[in-house]
Amino acid sequence: MKFTITTPIYYVNDKPHVGHAYATIVADTFARYHRLIGDDVFFLTGTDENSQKNVEAARAAGKTNIQAYLDTQSAVWKETWKQLDISFDDFIRTTEDRHKKGVIDFFNLVREKGDIYKGTYKGLYCKGCEAFVRESDLVNGLCQFHKKTPEVIEEENYFFRCSKYRDQLLSYIEDNPDFVQPVSRRNEIINYIRDHFEDVSISREKSEWGIPLPIDSTHVMYVWFDALINYLTGIGFGWDEKLFDRYWPADVHIVGKDIIKFHCALWPAMLLSAGLPLPKRIFAHGFFTIDGERIGKSMGNAIDPLEIAQIHGLDVLRYFLLREIPFGGDGDFSFARLELRYASDLAKGIGNFVSRVLSLAEKISYSYEKNLGEHEKEAQEACKSAHAQWKQGFEAYALHDCLDAAWDLIRHGDQFIDRTKPWSLITNEKTNAIQIIGILVELVQQVSVLVYPFMPHTAEQIWERLGIKNTQIIGEHSIIGSWRSFKISHIQRGSPLFPLTR
Ligand code: ME8
């Protein structure tokens, strides 16, 4: 099966912080899961470069060559994702020719449909959101997301007749419960479309940066209209029809809850107008805060994910972000919590379990044992149910359920060791000890597969110690979740995966 997943494309007026890393790591986790089970995955990310705030940031940095500034900044984002080992398949920039061409093609489809017209707009504009905002959305006169006073703007613009698609969109959302998730966001979107979804101004006059409108070069395209189209241009729209047909529609757009109106109302209306299929799902994840405050440069509390990765390790960062908040909810980022989770879930959890088993295996020079004795059935059942919960968690976009499944299996393994005490059997009941250790080795292998999408480097380290190659597991559909697929021998215990004293 094919699986296409996207992240938001990020503004480049700043470098990535831990919130952006969260969204990208979430998408990476799904991409890795789908590759693991043998799907044909396309994972797209990129940068949103035609925003006025990028231009302002360039000015503030004393740069006169805007494109050169964007090139440098976009490279910072791409490099950050590379250093975080994000497995994206392509990185789209909205200043690339392939994007600009696709945007013009798309605009023409909408225009030919009769959905573009000229009109005058007066309203409140928040530069942070790059959007007109309603008076009723403000909190004490300030944008709820950016805590800034919006400007009053009156302009003659080109409009996209999206209100024409209001009813069609509402029935689509009603008929397709998975389209907008989680369900709380779905209700929010239904209310928004029903009560407030009006035609959108999609051009700005006299703006110095952006994609010129093909029908009027004195206007540039509204940055959201241009940016949303990245989901098409990033996978071939306008430049590789075969690629596009293979990967569109997207299976899921991962977005933050701050940008759902654009993704769940404007974007599908644009696609309906252009006559293109809608994405299958839009999942709005929650926000990390620091002491309850939104993270951001303007808040002075941006945490660099690379720093955390350097200090604590890549998988520790991934695990913490993915574990700390139930997927779809919000949570606070705190180093104290990170340390706590490191000690309890990683060092004393998976790290300790793997060490216990591999040192026992090393001690008896464990070599593949065919007959695992009386306890095999029970362990096999535990793996089967953990695997089913894990798989179901991924299908239902409940990442926390997948992690619970893996850690339940680790606990099961730990309790099995405590109960059977294999070390005490090595001298006098060798066969029994070998069988128990054989079961434990298999449990370690099964756990490694379950954690792979979340902590790929940890899984790879375990595979190395078990003498299994990545290529023997990743994409091998029949192996994932099956019992005893590998004849494991020559185990190397190695050093602790998550040492307690660092
Ligand atoms: O909105 N916690 O880009 P952006 C979790 N260019 N996620 C966070 C976060 C936090 N504290 N802060 C940011 C834009 N994010 C547009 C998108 S898409 C066609 C155009 C994540 O740079 C979250 O996913 O402001 C949010 O939606 C995204 O970064 C916004 O990034």
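Residues numbered from 1 in each chain as written. Predicted model: local features only at pLDDT ≥ 70, side-chain atom pairs only at ≥ 80, totals over all residues. Heavy atoms only, no water.

Asker: Sorry if this is basic, but what is going on with the overall build of the protein chain here?
Answerer: Along the protein chain, the regular secondary structure elements total 18 helices and 17 strands. In terms of overall size, the protein chain behaves like a compact globule, its C-alpha atoms giving a radius of gyration of 26 Å where 502 residues would be expected to give roughly 23 Å. Along the first, second and third principal axes, the C-alpha set of the protein chain runs to 90 × 40 × 40 Å. In the protein chain, which comprises 502 residues, the share counted as buried stands at 59%. By sequence separation, contacts in the protein chain at least 24 residues apart represent 78% of the contacts at least 6 residues apart. (Helix = DSSP H or I, 4+ residues; strand = E, 2+ residues; numbered from the N terminus. Rg over C-alpha atoms; globule rule 2.2 N^0.38 Å. Buried < 20%, exposed > 50% of the residue type's maximum accessible area, 1.4 Å probe, protein only. Contact = heavy atoms within 4.5 Å.)

Asker: Just to check I follow, could you spell out the site of the ligand for this structure?
Answerer: Taken together, 23 residues sit near the ligand, with I9, D48, D258, H285 and F288 positioned nearest. Between Y11 and the ligand, the recorded distance is 3.0 Å, taken from a backbone N or O atom to an oxygen atom. Within the backbone of G19, an N or O atom sits 3.1 Å from a nitrogen atom of the ligand. Calculation on the ligand without its partners gives an accessible area of 680 Å², and the protein chains cover 96% of this total. Elements with a minimum of two residues in the shell around the ligand: β2 (10-11), α1 (18-36), α7 (223-228) and α8 (230-233). Residues of the shell around the ligand, tallied by class, amount to 13 nonpolar, 8 polar and 2 charged. (Near = heavy atom within 4 Å. Polar contact = N/O pair within 3.5 Å; in protein donor to acceptor, adjacent residues only side chain to side chain. Areas by Shrake-Rupley, 256 points an atom, 1.4 Å probe, with all protein chains shown as cover. Nonpolar A, V, L, I, M, F, W, Y, C, P; charged D, E, K, R; others polar.)

Asker: Would you take a moment to explain the nonpolar core for this structure?
Answerer: Nonpolar side chains in soluble globular proteins tend to be buried together. Ranked by internal contacts, the top residues of the largest apolar core, which has 113 residues, are F30, F333, I350, W390 and W407. At 12 residues, the largest contribution of residues to this core is made by helix α16 (residues 430-451). In terms of nonpolar packing, the next biggest core, distinct from the first, is built from 71 residues, L169, Y192, V200 and A265 among them. (Core = buried A, V, L, I, M, F, W, Y, C linked by side-chain atoms within 4.5 Å.)

Asker: Even after reading the chapter, I still don't get helix α14 (residues 376-395), so can you show me in this structure?
Answerer: The periodicity of an α-helix, 3.6 residues per turn, causes residues three or four places apart in sequence to face the same way. Compared with an ideal rise of 1.5 Å per residue, which puts 20 residues at 28 Å, α14 spans 28 Å between its outermost C-alpha atoms and is within 8% of the ideal. Regarding α14, the residues found buried are E376, A379, A382, C383, A386, H387, W390, G393 and F394. Each buried residue of α14 lies within a common arc of 130 degrees when the element is viewed along its axis, so the set occupies one face. Facing away from the buried side of α14, by more than 90 degrees, are the exposed residues K377, K384 and Q392. (Expected span 1.5 Å × (residues − 1). Arc of directions from axis to C-beta.)

Asker: For this particular structure, what's the right way to read the sheet that holds strand β6 (residues 131-133)?
Answerer: Adjacent strands of a sheet form backbone hydrogen bonds with each other and so pair up, either parallel or antiparallel. Here we have 4 strands laid out as an open sheet, ordered β6-β5-β7-β9, and antiparallel in their pairing. Every interior strand has two partners, whereas the edge strands, β6 and β9 (200-201), have only one. Of the strands in this sheet, β6, β7 (151-160) and β9 are in contact with helix α10 (residues 260-274), which crosses β7 at around 25 degrees. (Pairing = 2+ DSSP bridges. Axes fitted to C-alpha atoms, helices over the stretch in contact; angles between N-to-C directions.)

Asker: How do you make sense of the packing of α1 against helix α12 (residues 314-324) when you look at a structure like this?
Answerer: Axis angle and axis distance: for two packed helices, these are the angle between their axes and the distance between the axes, and together they describe the pair. Two elements in contact, α1 and α12, have axes separated by 10 Å at closest approach and are oriented at 95 degrees. With respect to α12, the element α1 is oriented roughly perpendicular. Contacts between α1 and α12 involve V18, A21, Y22, I25, V26, D28, T29 and R32 from the first element and L317, R318, L321 and L322 from the second. (Parallel < 35°, antiparallel > 145°, perpendicular 65-115°, else oblique.)

Asker: Explain the environment of L321 here, please?
Answerer: Note that L321 resides in helix α12. Linking L321 and F353, residues 32 residues apart in sequence, is a C-alpha distance of 22 Å. With residues up to four places along the chain from it excluded, the contact list for L321 reads V18, A21, Y22, I25, F288 and F333.

Asker: Would you mind going over the pairing of strand β3 (residues 40-48) with me for this structure?
Answerer: Every other side chain in a regular strand lies on the same face of the sheet, so the side chains alternate between the two faces. For β3, the buried fraction is high: 8 of the 9 residues fall into the buried class. Judged from the 5 bridges that link them, strand β1 (residues 2-6) and β3 form a sheet pairing that is parallel. Bridging from a neighbouring strand, I5 pairs with F43 of β3. Sheet topology places β2 next to β3; 2 bridges connect them, and they run parallel. When the sheet's bridge partners are listed, Y10 is paired in β3 with T47.

Asker: Sorry if this is basic, but what is going on with unusual backbone geometry here?
Answerer: Glycine aside, negative phi is the norm for most residues, and most peptide bonds take the trans geometry. Residues Q181 and P182 are joined by a peptide bond in cis, for which omega reads -5 degrees. Looking at the element boundaries, P182 is found in the loop between β8 (180-181) and α6 (183-196).

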